[in-house]
Structure formats: C-alpha cells, structure tokens
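# Fold and contact review
Next come the chains, spelled out residue by residue.
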Amino acid sequence: MSKARLLCLTAAIAAAMATTFPAQAKKQQQQQQQTTYGTVAYRASVLHFTGDPAVTQQPYEYYEDGVLLVGSDGKVKTVGPASTVLAANQNVQVVDYRGRLIVPGFIDSHVHYPQTEMIGSFGEQLLEWLNTYTFPTEKQFGNKDYARGVARTFIGELVKNGTTTALVMGTVHPESVDALFEEAATRNMRIIAGKVMMDRNAPDYLLDTPETSYADSKALIQRWHKRGRALYAVTPRFAPTSTPEQLTMAGKLLQEYPDVYMHTHISENKSEIAWVQELFPASAGYLDVYNSFGLSRKRSVYAHGVHLREDEFASLASTGAAIAFCPTSNLFLGSGLFDLQQAEKHGVKVGMGTDVGAGTSFSALRTMGEAYKVIQLHKAFTDTPADKKPLTALKSFYLSTLGAARALDLEDKIGSFKAGNEADFVVLNPNATELLKFRSAKATSLEEKLFVLQTLGDDRAVERTYIMGKRQ
Ligand code: GUN
Ligand code: ZN
C-alpha cells in the first residue's frame, strides 16, 4: 500500500474512533503529539561513563532497569533508575527497550570514507598498500556524484553500526568533503572532516600545492565549520606526502582558525618512520616534524602512534593532542601493537578508531574486540609482561564513547548522558544472535556482559541508532 493511502486509512480510522471511543482517540492523539514533539523516556539497561576506568574509582553510571529521558530538543534531560525517572515524569511517552542496553552513540576517532569500497585489499603493508590500492581508489572522488554515492553508503554503515560521530578523512578533492558533509546533514549527524592536503610522493592526479591546499581548506572551513553539527579538520595526510611549505600552510590555518581540528597519521609503520627521518633529516623524530609546524595542540588527532617513543607520548600529553587507536587496521596492515598503557601512563587522550579501509570493520564492537587482542599480544611481545594488564571491556566501551569525545574535545556535547548533551545513543541487543543469547545468559556481571558483546557482537547487535533523539 502506498504511504499516502496508508495515511488516509489511518486518518479515517482515527476519525471513526473519535466518534465511537472519544477517550481512546484523545489518548492516541496525545501520544502521537508526544511522539513527535514531546519528551521521551527510553527504558532499558542504561550505561554511560563519567570518567576513565583506568583513572577513576567509579567511572560509570549503570541502571539495570533505567531510563534515558530525552527532550524535544534532542538533548538529554536526565538518566536514572526507571522507578525514579518515570515517577517524576508521568506524562511522557515511554519507549520500552527492556532486555536491551542503551549506551551513548559510538565515536569513530579516525576513518577514511573514500576507502569504504576497498576494505579487505590483500597482502600489502602501509606504503605499498597506499600505492597499490588507496591512491587509485581516491582518484575517483574528484567526481562529486561519485563521492556522494560513497558518502551515502558510508554514513549508512556508520548508523547501522551505532556510530553517531566520526572524524573522517576525505580525499584531496574539496568536493569529496562537500559530499560527505551534505550527506551527514540529511541525518543531522555530527561529523568532523577535512580535505586531505598532499603535495608530494603521491601520483600527480592526487596532488595539490601548498597554495591550493590552503585556499581550498580555508573555503571549506568557511563553508562548513560549525554549520549545524559539522566541524572541520585541517588534514595533512601524513608527513611524507606534504612538503615543509604545505605543513607551514596547515599551521597557518590552525592559527587563523583556532577551534578547528588537525587530523593526520603518525608512527604507524617502521618503513614509514624511516622515510620521515630521510625526508626531514633535521627533525628529532616523527612527532617533532608536526610539532615544528605548530600542528600539535588540543583538537589535534594523530592516527595510530604504534611506534611512538616515550618522549613522544610525553610531548603529546603536554600539548593536549590525542591518539586514535585503530586495532583492526594495525593488525590488518601488520603495522604493530599500540601501547595503550604508555598512553595511560603519560595521560595522553585516546579514542578508538576503525581506520576503514585499512581497518576491517565499521563496527565499534568488532573494533573493541580486536583492541583486546592487540593488548593481549602486546603483553606477549613486551620485555616487561608483568607490568601489562588486559584491556577491560569497561575501558574499551569508554574509549569508544566518552574517551573518544574527550580526544575530540567534545565532552560537553557527546559521549555521555550528561544532562544537556546531544542525545546520540545506541540500543544494543545482547541476544541478537543465537550464540550471543546463549553466551549472554551465562554472563553474571556488567563487565562480562560487555565483554561478550564486544567479543561476539557486530552490527547485528545494534538494534537501533538515535541521532539527537531521532530514530534512524
Ligand atoms: N597513512 C597515510 N595515509 C594513510 C591511509 O590512508 N591509511 C592508513 N592506515 N595510514 C595512512
Ligand atoms: Zn588512516
């Protein structure tokens, strides 16, 4: 039946009910109004973080029978036990998700939308992988229609996987970024993105210049930064594909627009690090290259950092820059094992990232599951295994929600259910598959339930995604 016919039929039934059962009709009308405009109580188990589990004694709030109360403005009003919140809000519409778990929408701290179509490209490590697969793929994004099609698929995958915010690399083409922001705006989704700046060591068809990269990035900042929920990131791809002149331009943009982001890669692969030393012989290391162009500060996000030295972790902490930990990518490209405990020791902000298409899944749950394995392997290969602890599920859920929000300097907007935050959230179903159901039934603690979800779960466990209170 067509939507129009269905609406007519519904209206006819409502009219008939109004005559026959006036009380029910009134109630139904009120409910419809509340559905569209009112405060809504989402009843489920509800979990969110208030601190870092590695640092804080009681880092989360968890309500086994809880309510997340969302206002008509799409913002969190409150969260708490169902009995208390419902007693205090008797006229609100209740959406019953009992048996499921509501958590804040996942945040992907590093991902490449143009690489959606090349996930799972075989056999290479970083530098060969870029030349063989990545650059030819990214060439196509000079065509805006093409970019729009991929952007739509990409945003659809984020939503399916419960990801409501992402820090995204486009390609060198400004139209790739327009396409992404336009697509995200159709869902009112918070996306941080930027045009890649690269003026050397890539095929000619992907190169810009210091001047054009500056002008194009500036125009994009003026067009998109803080428009709706969009935010802009100045995006030099990585040190090897930018001349010192271009990195100077990136620094100039950050000076001119202090509240934009800086997004790049660092210390992912040993050959890459050696190459950076050749290209910047006067530098004291990979991070020093970026530091010397003024690129490290709050809202600077470095993907990977697998092989960072201890003094580099200390430097990141002192500048307020963050790392995106991308476990599926680091395993897939054979890059190495990130030392999360070093980051913790130095107080460096970390968010979880998928790094699709080197990363192998859009799923935050899958990414957390692989992060656990990376940390297990790190312990196996370190000289000081006794000092290394396994990655808890509490910590990995933190890294994909509040931790990532802190890494992106967005803690006052997303990542937790603090009153006034934007109500981006996910409804997870611990019984989504037969195996999940079978295994979850044996899980006795919250930590075990989360660990089972991240070990066995994927997009099938994401029952619903809400963006600013709107069901997707
Ligand atoms: N370093 C520079 N470019 C890239 C990229 O596209 N993916 C990854 N994983 N690392 C990079
Ligand atoms: Zn990347």
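Whatever comes next refers back to the structure up there.
Residues numbered from 1 in each chain as written. Chains lettered and ligands numbered in written order. Predicted model: local features only at pLDDT ≥ 70, side-chain atom pairs only at ≥ 80, totals over all residues. Heavy atoms only, no water.

A few words on the overall build of the protein. Scanning the protein from N- to C-terminus turns up 18 helices and 16 strands. Expected size for 472 residues packed as a compact globule is a radius of gyration near 23 Å; at 23 Å, the protein falls within 12% of this value. For the protein, the C-alpha atoms occupy an extent of roughly 85 × 50 × 40 Å along the three principal directions. For the protein, restricting intrachain contacts to residue pairs at least 6 apart in sequence, the fraction spanning at least 24 positions comes to 75%. Accessible surface, the protein as shown: approximately 19,300 Å² in total, 53% of it carbon and sulfur. The distance from the centre of the 49 positive side-chain charges to the centre of the 49 negative ones in the protein is 9 Å. (Helix = DSSP H or I, 4+ residues; strand = E, 2+ residues; numbered from the N terminus. Rg over C-alpha atoms; globule rule 2.2 N^0.38 Å. Contact = heavy atoms within 4.5 Å. Areas by Shrake-Rupley, 256 points an atom, 1.4 Å probe, with all protein chains shown as cover. Lys, Arg positive; Asp, Glu negative; His and termini not counted. Charge placed at Lys NZ, Arg CZ, Asp CG, Glu CD.)

With that out of the way, let us pick up the pattern of salt bridges. Where charged atoms from two side chains of opposite charge come close, those side chains can pair. One pass over the structure, following the stated rule, counts 31 salt bridges. Residue arginine 148 pairs with aspartate 145 through a salt bridge whose shortest N-O separation is 2.9 Å. Here arginine 148 and its partner aspartate 145 are both found in helix H5 (residues 144-160), three residues apart, which amounts to about one turn of the helix. Judged by relative accessible area, which is 27%, arginine 148 ranks as partly exposed. Each of Lys144, Asp145, Arg148 and Glu182 takes part in a single network of salt bridges with overlapping partners. (Salt bridge = Lys/Arg side-chain N within 4 Å of Asp/Glu carboxyl O. Buried < 20%, exposed > 50% of the residue type's maximum accessible area, 1.4 Å probe, protein only.)

Here the focus is helix H11 (residues 310-319). All of the buried residues in H11 are Glu312, Phe313, Ser315 and Leu316. Burial along H11 is one-sided: seen end-on, the buried residues are contained in an arc of 160 degrees. Where H11 ends, the next residue or the one after it, glycine 320, has phi of about 85 degrees, a positive value. (Arc of directions from axis to C-beta.)

Below, the discussion takes up the packing of helix H6 (residues 174-185) against helix H7 (residues 210-224). Look at H6 against H7: their axes get within 10 Å of each other, and the N-to-C directions meet at 15 degrees. Considering the angle they form, H6 stands roughly parallel to H7. In this structure, H6 crosses over H7, and the sense of that crossing is right-handed. Contacts between H6 and H7 involve Pro174, Val177, Asp178, Phe181 and Glu182 on the former and, on the latter, Asp216, Leu220, Arg223 and Trp224. The residue makeup of the contact of H6 with H7, split by class, is five nonpolar, no polar and four charged. (Axes fitted to C-alpha atoms, helices over the stretch in contact; angles between N-to-C directions. Parallel < 35°, antiparallel > 145°, perpendicular 65-115°, else oblique. Left-handed = near helix turned anticlockwise from the far one by under 90°. Nonpolar A, V, L, I, M, F, W, Y, C, P; charged D, E, K, R; others polar.)

So yeah, pure geometry; function would need other evidence.
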